[in-house]
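Structural overview for review
So the chains spell out like this:
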Amino acid sequence: MVYKEISEMADRLQEKLSACRRDLHRHGETGWLEMRTSSLIAARLKKMGYKVLTGDQVCRPEARMGLPSKELFDQHYQWALEHGADKEYLERAKDGHTGVIGILCCGEGPTVALRFDMDALNVFEDGGPEHLPAREGFCSVTEGTMHACGHDGHMTIGLGTAELLMQFKDRLSGTIKLIFQPAEEGVRGARSIVEMGHLDDVDYVMASHLSASADGRCYVCPGMAKTFATTKLDACFTGKAVHAGVCPQNGKNALMAAATAVLNIQAIPRHENGSSRVNVGTLHAGTGRNVVCDRAKMEIEVRGETTEINDYMEASVRRILQGCADMYECGLEITTMGSAAAIQCTEAFTERIARVCREKLHMDVRPSEGMGASEDFAYMTKRVIELGKNACFTGIHIPCRASFHNRSFDFDERALALGVKFYTGVVWDLLGDGED
């Protein structure tokens, strides 16, 4: 009867969940800038009765990767203040301290951690009438920033799960950690949470991602471990600017070094042991048509089906970058902006989750499906499994409009109640008093 009760309670939250998701969607914030988002999540968890960790209690400051500039931090603080952030928790989120952890202690028992990512993307949102957020009036208020990967749904599911679990707290035995993680995009945020030790006492860690179903139906895929390992690199070439007509022989052309690198990076031989990816996403260079370019910056990512293949791709890119810099007598600085291994899942825990979903929650459960993307959650699974404990990453497949990271991306909001049922049901199986 408990699982039936969980399902019914989650269904009754549907309208509230939709409203929450739409507010988060309308105010999307990119990695390390989730100031409004994190302040409101923290305030809501506190109101529910959770112990709340924020600011530098959550992320180890020096382990954060790919931070924005201080100027952008200051500008966005004012934006968050003007757009309804909770003032108390906003102060703690300054300068990219945007992680939130809600803790519910229910006596002796295992510790279960649930991860929900918070950040939006640098995407210009579709304003056409076929796009539900535009039609219903909850498009992003910030041009060029959009929740185009479902993280607004993930956070909403996390808050809905928090609400349901609080209602069952007297019948649970153990500890629940709800981890609201910043900067998942670009795989920049999870490492800083792991290095703070928040996963060291965890017996079970779970996360999920909303994904597009091919047939328009809703179903779950526990153990969706076929994510790619990845590394994100910024490469800056520095040359020497001179007049392009008067004395070009005295210049050092950073643009030529970068352009040569782009072509050669795309030609890296693939690895025999599995799939790989490489992409040069941006190239910014030059100041004028009659000036030999003295600075060029590239943003690059590599991915591999395994950590070994990703390491091979990264080493190849670094070798090419250095070779092209040397060819044009330019300086080179390479900065790692983000990285993650391939996700690991423990088989027994994955099977247990599948059984709960299928037999107790009566969800459509399908075999694990891989995805060509990468996941920052890999830092958490790696740490927990190293300690001999349990980890699982699950796909929640639902109807979606357009693909991830697309300006027209949107998902069926039935996923919100489905996600709350999923997490609450699995936590009940792990920590509940045994009643079905």
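Look up a bit, the structure's there.
We now turn to the structure provided with this report.

Conventions used here
- Residues numbered from 1 in each chain as written.
- Predicted model: local features only at pLDDT ≥ 70, side-chain atom pairs only at ≥ 80, totals over all residues.
- Heavy atoms only, no water.
- Pairing = 2+ DSSP bridges.
- Helix = DSSP H or I, 4+ residues; strand = E, 2+ residues; numbered from the N terminus.
- Axes fitted to C-alpha atoms, helices over the stretch in contact; angles between N-to-C directions.
- Contact = heavy atoms within 4.5 Å.
- Core = buried A, V, L, I, M, F, W, Y, C linked by side-chain atoms within 4.5 Å.
- Buried < 20%, exposed > 50% of the residue type's maximum accessible area, 1.4 Å probe, protein only.
- 1 Å grid on protein atoms, 1.4 Å probe; cavity = no way out; pocket = protein on both sides within 12 Å on 5 of 7 lines; lining within 4 Å.
- Points joined across faces, edges and corners; volume = space filled by probe spheres on them.
- Nonpolar A, V, L, I, M, F, W, Y, C, P; charged D, E, K, R; others polar.
- Polar contact = N/O pair within 3.5 Å; in protein donor to acceptor, adjacent residues only side chain to side chain.

What about the sheet that holds strand E3 (residues 111–117)?
In space, the seven strands of this open sheet follow the order E1-E2-E4-E3-E5-E11-E6, with mixed pairing throughout. At either end of the open sheet lies a strand with only one pairing partner, and these are strand E1 (51–54) and strand E6 (219–222). Sheet twist, expressed as the average angle between the axes of neighbouring strands with direction ignored, equals 20°. Against the sheet, helix H3 (residues 35–48) touches E1, strand E2 (100–106) and strand E4 (174–181), its axis set at about 15° to E2.

Observations concerning the nonpolar core
Leu45, Tyr50, Leu178 and Phe180 are the most contacted members of the largest nonpolar core, which totals 69 residues. For this core, the element with the most residues is helix H13 (residues 414–431), which contributes twelve residues. Residues within four places of leucine 178 in sequence aside, it is in contact with Leu45, Tyr50, Val100, Ile101, Gly102, Leu114, Phe116, Gly158 and Ala162. Counting residues in hydrophobic clusters, the runner-up holds 36 residues, among them Met65, Ala183, Val194 and Val202.

A word on the layout of surface pockets
Estimated volume of the largest pocket: approximately 1400 Å³. For the lining of the largest pocket, the secondary structure elements donating two or more residues are helix H4 (70–82), strand E7 (229–238), strand E8 (276–285), strand E9 (295–304) and strand E10 (331–340). Residue contributions to the lining of the largest pocket peak at five residues, all from E9. Residues that form the lining of the largest pocket fall into these classes: 16 nonpolar, 18 polar and eleven charged.

With respect to the side chain of serine 339
Here serine 339 is to be found in strand E10. In terms of polar contacts, serine 339 uses its side chain to reach the side chain of tyrosine 379, at 2.7 Å. With sequence-adjacent residues up to four places away left out, serine 339 is seen in contact with Met65, Gly186, Val187, Thr230, Thr231, Asp376 and Tyr379.

A few points about empty space enclosed by the protein
In this structure the tally under the stated criterion is one cavity of 30 Å³ or more. Empty space within the largest cavity amounts to approximately 40 Å³. Surrounding the largest cavity, Ser38, Ser39, Ala42, Thr54, Gly55, Tyr89, Ala93, His97, Thr98, Gly99 and Val100 form its lining. Sort the elements by how many residues they give to the lining of the largest cavity and H3 lands first, with three residues. Here the residues of the lining of the largest cavity sort into four nonpolar, seven polar and no charged.

A closer look at the environment of threonine 37
Within the secondary structure layout, threonine 37 lies in helix H3. Classification of threonine 37 by relative accessible area gives buried; the value is 1%. As for threonine 37 and alanine 80, which are separated by 43 residues in sequence, their C-alpha atoms are 8.5 Å apart. Leave out the neighbours within four places in its chain, and threonine 37 touches Leu24, His27, Glu29, Met118 and Met155.

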